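In case you want the letters, here they are:
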Amino acid sequence: MMARVLVLGEETSCSEETRGILESRGFQITLCKDKSEGLRKLFARNFDLLVVDLQLPVSSEMEFFRLARLVDPNISVIMVTAEGTIASTVRALKGGVSDYLQRPYNPSDLVQSIERTFREKQVLREIRLVRPESVRKHTFSNIISKSPKMQYIFEIIKRVAGTDSTVFITGETGVGKELVAKAIHDNSPRRDGPFLAINCGSLTETLLESELFGHEKGAFTGAFKTKHGKFECANNGTLFLDELGDITSAMQVKLLRALQERKVVRVGGNDSIAVDVRVISATNQDIKEKIRRHEFRLDLFYRLNVIHIHVPPLRERQEDIPLLVQHFIKVINENLGRKIKGVSTRGMKQLLEYEWPGNIRELENVLERACITCDGDVIDQFVFPHDAQNPAMEGTDETVDTDVPFDLARHMVVAQFEKRYLTEALRRYEGNVSETAKRTGIHQRTLWRKVREHRLDRMQFKKSKEL
Ligand SMILES: Nc1ncnc2c1ncn2[C@@H]1O[C@H](COP(=O)(O)OP(=O)(O)O)[C@@H](O)[C@H]1O
Ligand SMILES: [Mg+2]
């Protein structure tokens, strides 16, 4: 693999001889004497390493390092400093520099330092993706998992699919409860019938009742025409009652009656309508505790809980993380037109160590964000919602130096302005790109491109419903 090195300094910084050695080892060297020219080159081309041998006072070295990183945030930097200043330079630069050399140095020191720095960079970039066949092998009905606990759930799904028993699914938010419900439906004789899901937790009692059972025309103000409820619409299929733990006691009675009689009455109606529906319900709450506190009816619970499936949280099945990452990156690449190849060793370590309170849904969000904000084709670092600051706003008050060539300086100012403007606009329209495009008069495709270019994190502005 060819690695590009930009050496900023005099001819003596990298002699013909040293250059020859480095080139024979796969490094392509560009020498540049002028600071401004150097920054311009750094901006225009993809360099892997930068060697700074400028004979500047420490404070100017620091300033130059800051500028270089501003121009190319990904660049690995080797600093050459005057004798006796290493300690102060190290302190001043507060990390971020990959290696230091002290003047005068031997050609072999430079070669070694370049090789070492490049190797480190490569290790961090090592691609950690599992093979697509492996994902396919560990997928059951769109549920990806190789963990024993989930394999057991796959078996239960196969076994209960053929029956009409009610299934009660528990588990934290984002663990895949709805996916399990859908898998049961898809493997059941009802698979050609409808699968309807309703989120019981997000509706008021009146709305929920009319959603589930329908209403007759004129049943209440605003009921302009007859509406069929979910039970009727799911006839011959499956009805998934999500977040059932929240329904009121009046609703619990009505639901129990519908389940016992297999009939529903529309709000404001008199006739019972027979329905043939399999009911699967789910909650992320401690339903036993609710029963103990008499907030949930025991008889309804028995009706719903003929089969119980508990979906374990992601932190209890970390072996699934690489598979899920492979799957989601493929989907995100397709949706966003990205070409992300994988996650570095360091990145994967972060994913494996994280607690995942929002489970697989959170993993999906974290990956989408990382795919958008990633500079290269390998994700090396993740930001988790809980420790997320505001990466889009950093460096907004950067003043531009006259050390930076004019065209580059202008480009950087415009880029900063764009980033700030788009950040504000996306915040205002809650991360909704089509809405932002419409309101700001930016073409939607242009906006998508800018969002990627500036690595804006649109998920950050979404009104988080789920997390
Ligand atoms: N094992 C899995 N394999 C692939 N995708 C999954 C898996 N588990 C969850 N997901 C995805 O994560 C998201 C959340 O799943 P969902 O079933 O809605 O969770 P819950 O209902 O428990 O909150 C969905 O986009 C779902 O497709
Ligand atoms: Mg859900």
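Computed from a predicted structure; not experimentally measured.

**Some points on the overall build of the protein**
Within the protein, the secondary structure is distributed over 19 helices and 18 strands. In terms of C-alpha radius of gyration, the protein reaches 30 Å, well past the compact-globule figure of 23 Å for 467 residues. Reported as C-alpha extents along the three principal axes, the dimensions of the protein are approximately 95 × 50 × 40 Å. Evaluated residue by residue, the protein yields a buried proportion of 32% over its 467 residues. At a minimum sequence separation of 6, the contacts of the protein that also span at least 24 residues come to 73%.

**Quick word on the nonpolar core**
Formed by 64 residues in total, the largest nonpolar core has its most connected members in I169, V180, I184 and F231. With seven residues, helix α16 (residues 359-373) is the largest single contributor of residues to this core. Discounting residues that sit within four places of it in the chain, I184 has contacts with I157, V160, A161, V167 and I280. Counting residues in each nonpolar core, the second largest holds 29 residues, with L6, L67, L101 and F118 among its members.

**Some thoughts on the packing of helix α2 (residues 35-44) against helix α3 (residues 58-71)**
How two helices sit against one another is set out by the angle between their axes and by the gap between those axes. Between α2 and α3, the shortest axis-to-axis distance is 9 Å and the interhelical angle comes to 25°. The orientation of α2 with respect to α3, classified from their angle, is roughly parallel. In the packing of α2 onto α3, the handedness of the crossing is right-handed. Side by side, α2 and α3 meet where K35, L39, L42 and F43 of the first sit next to F64, L67, A68 and V71 of the second. When the residues that make up the contact of α2 with α3 are grouped by side-chain class, the tally is seven nonpolar, no polar and one charged.

**Observations concerning the domain arrangement of the protein**
For the protein, the domain assignment lists domain 1 (3-125), domain 2 (148-311), domain 3 (318-387) and domain 4 (389-467). Listed per partner, the contact involves ten residues of domain 3 and eight residues of domain 4. Of the residues in the side of domain 3 that touches domain 4, the class split is three nonpolar, three polar and four charged.

**Notes on the packing of helix α7 (residues 148-161) against helix α8 (residues 177-186)**
Relative orientation of the contacting elements α7 and α8 amounts to 40°, with a least axis distance of 8 Å. Between α7 and α8, the angle is such that the two are oblique. The crossing of α7 and α8 is right-handed. Here α7 contributes I153, I157, V160 and A161 to the contact with α8, which in turn contributes V180, A183 and I184. Its residues placed into classes, the contact of α7 with α8 shows seven nonpolar, no polar and no charged.

**As for the site of ligand 1**
Taken together, 15 residues lie near ligand 1, and I144, G176, K177, E178 and I360 sit nearest. Going through the elements one at a time, β7 (143-144), α8 and α16 are the ones with two or more residues in the shell around ligand 1. Split by residue class, the shell around ligand 1 holds six nonpolar, five polar and four charged. Each of domain 2 (148-311) and domain 3 (318-387) gives at least three residues to the shell around ligand 1.

Definitions and cut-offs
- Residues numbered from 1 in each chain as written.
- Chains lettered and ligands numbered in written order.
- Predicted model: local features only at pLDDT ≥ 70, side-chain atom pairs only at ≥ 80, totals over all residues.
- Helix = DSSP H or I, 4+ residues; strand = E, 2+ residues; numbered from the N terminus.
- Rg over C-alpha atoms; globule rule 2.2 N^0.38 Å.
- Buried ≥ 20, exposed ≤ 12 C-beta atoms within 10 Å, placed from the backbone.
- Contact = placed C-beta atoms within 7 Å.
- Core = buried A, V, L, I, M, F, W, Y, C linked by C-beta atoms within 7 Å.
- Axes fitted to C-alpha atoms, helices over the stretch in contact; angles between N-to-C directions.
- Parallel < 35°, antiparallel > 145°, perpendicular 65-115°, else oblique.
- Left-handed = near helix turned anticlockwise from the far one by under 90°.
- Nonpolar A, V, L, I, M, F, W, Y, C, P; charged D, E, K, R; others polar.
- Domains from an automatic or database assignment.
- Near = placed C-beta within 6 Å.

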